[in-house]
Amino acid sequence: QVQLVESGGGLVQPGGSLRLSCAASGSIFSINAMGWYRQAPGKQRELVATIISGGSTNYVDSVKGRFTISRDNAKNTVYLQMNSLKPEDTAVYYCNADVSTSGPTRGDYWGQGTQVTVSS
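Everything numeric in this text was worked out from a predicted model, so none of it was measured.

S.K.: Which residues make up the environment of Ala24, and what values do they have?
M.R.: With respect to the helices and strands, Ala24 occurs in strand 3 (residues 18-26). Contact partners of Ala24, with chain neighbours within four places excluded, come to Gln3, Leu4, Ile31, Met34, Lys75 and Asn76.

Next comes the structure, spelled out in structure tokens:
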């Protein structure tokens with residue numbers, strides 16, 4: 001099995017910054033892609049950013065220029081640096097990973113979520 005553990009959420013004022021981390025562990029052979037999603041109250045979960053094993057990234061338009069996704073392949077960890085935060089960024093942020101296990105199988109895994117609140 002594969003576990004994803006997130007950290008780094010919290011309360012921040014508008015214009016502030018936070019850095020989220022997500023570490024994957026378990027029977028991992030390779031991680032094909034990792035990403036961050038978020039879900040605000042009363043809204044559907046949306047993709048925020050993804051990064052594939054080769055390093056290519058993709059962002060939702062609303063965070064381009066403010067958020068940066070990166071990964072440390074040696075640590076099976078993905079990061080989300082969030083700058084210039086806005087109240088509309090408030091949501092539970094979920095880590096996602098497309099993992100090939102030593103099974104061998106391939107599956108989609110989720111973290112438990114971390115709350116990000118942007119408020120003055």
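S.K.: Now, about the nonpolar core: what can you tell me, with residues and values included?
M.R.: With 31 residues, the main nonpolar core has Trp36, Leu80, Met82 and Tyr93 as its most contacted residues. Elements represented by at least two residues in this core include exactly strand 1 (2-7), strand 3, strand 4 (28-39), strand 5 (46-52), strand 7 (67-72), strand 8 (77-82), strand 9 (91-101) and strand 11 (114-118). Ranked by the residues each element gives to this core, the list is headed by strand 9, at 5 residues. Setting aside anything within four residues of it in sequence, one finds Leu80 in contact with Leu18, Arg19, Leu20, Trp36, Val48, Ala49, Phe67, Thr68, Ile69 and Tyr93.

S.K.: Explain the packing of aromatic side chains to me, and be specific about the residues and the numbers.
M.R.: Taken as a whole and assessed by the stated rule, the structure comprises 1 aromatic pair. Both rings, one in Tyr37 and one in Trp110, keep their centres 5.0 Å apart while their planes meet at 65 degrees; by these two values the pair is edge-to-face. Note that Tyr37 is positioned in strand 4 and Trp110 in strand 10 (residues 106-110), a separation of 73 residues in sequence. Overall, Tyr37 belongs to the partly exposed group, its relative accessible area being 22%. Residue classification places Trp110 among the partly exposed residues on the basis of a relative accessible area of 36%. The residue whose ring lies beneath Arg19 is Tyr79, and the NZ or CZ to ring-centre distance is 4.1 Å. The lysine or arginine in question, Arg45, covers the ring of Tyr94, its NZ or CZ lying 3.8 Å from the ring centre.

S.K.: Any details on the sheet that holds strand 7? Residues and values, ideally.
M.R.: Within the open sheet, the 4 strands sit side by side as 1-3-8-7. Their pairing is antiparallel. This sheet does not close on itself; its edge strands, each paired only once, are strand 1 and strand 7. Neighbour-to-neighbour, the strand axes of the sheet open up by a mean angle of 15 degrees, direction not taken into account. As paired elements, strand 7 and strand 8 share 6 bridges and run antiparallel to each other. Counted as the bridge partner of Ser70 is Tyr79 from strand 8.

Conventions used here
Residues numbered from 1 in each chain as written. Predicted model: local features only at pLDDT ≥ 70, side-chain atom pairs only at ≥ 80, totals over all residues. Heavy atoms only, no water. Helix = DSSP H or I, 4+ residues; strand = E, 2+ residues; numbered from the N terminus. Contact = heavy atoms within 4.5 Å. Core = buried A, V, L, I, M, F, W, Y, C linked by side-chain atoms within 4.5 Å. Buried < 20%, exposed > 50% of the residue type's maximum accessible area, 1.4 Å probe, protein only. Phe/Tyr/Trp six-rings, centres within 6.5 Å; stacked < 30°, edge-to-face > 60°. Lys NZ or Arg CZ within 6 Å of the ring centre and 35° of its normal. Pairing = 2+ DSSP bridges. Axes fitted to C-alpha atoms, helices over the stretch in contact; angles between N-to-C directions.

Note that every value here comes from positions in space, so none of it alone points to a role or purpose.
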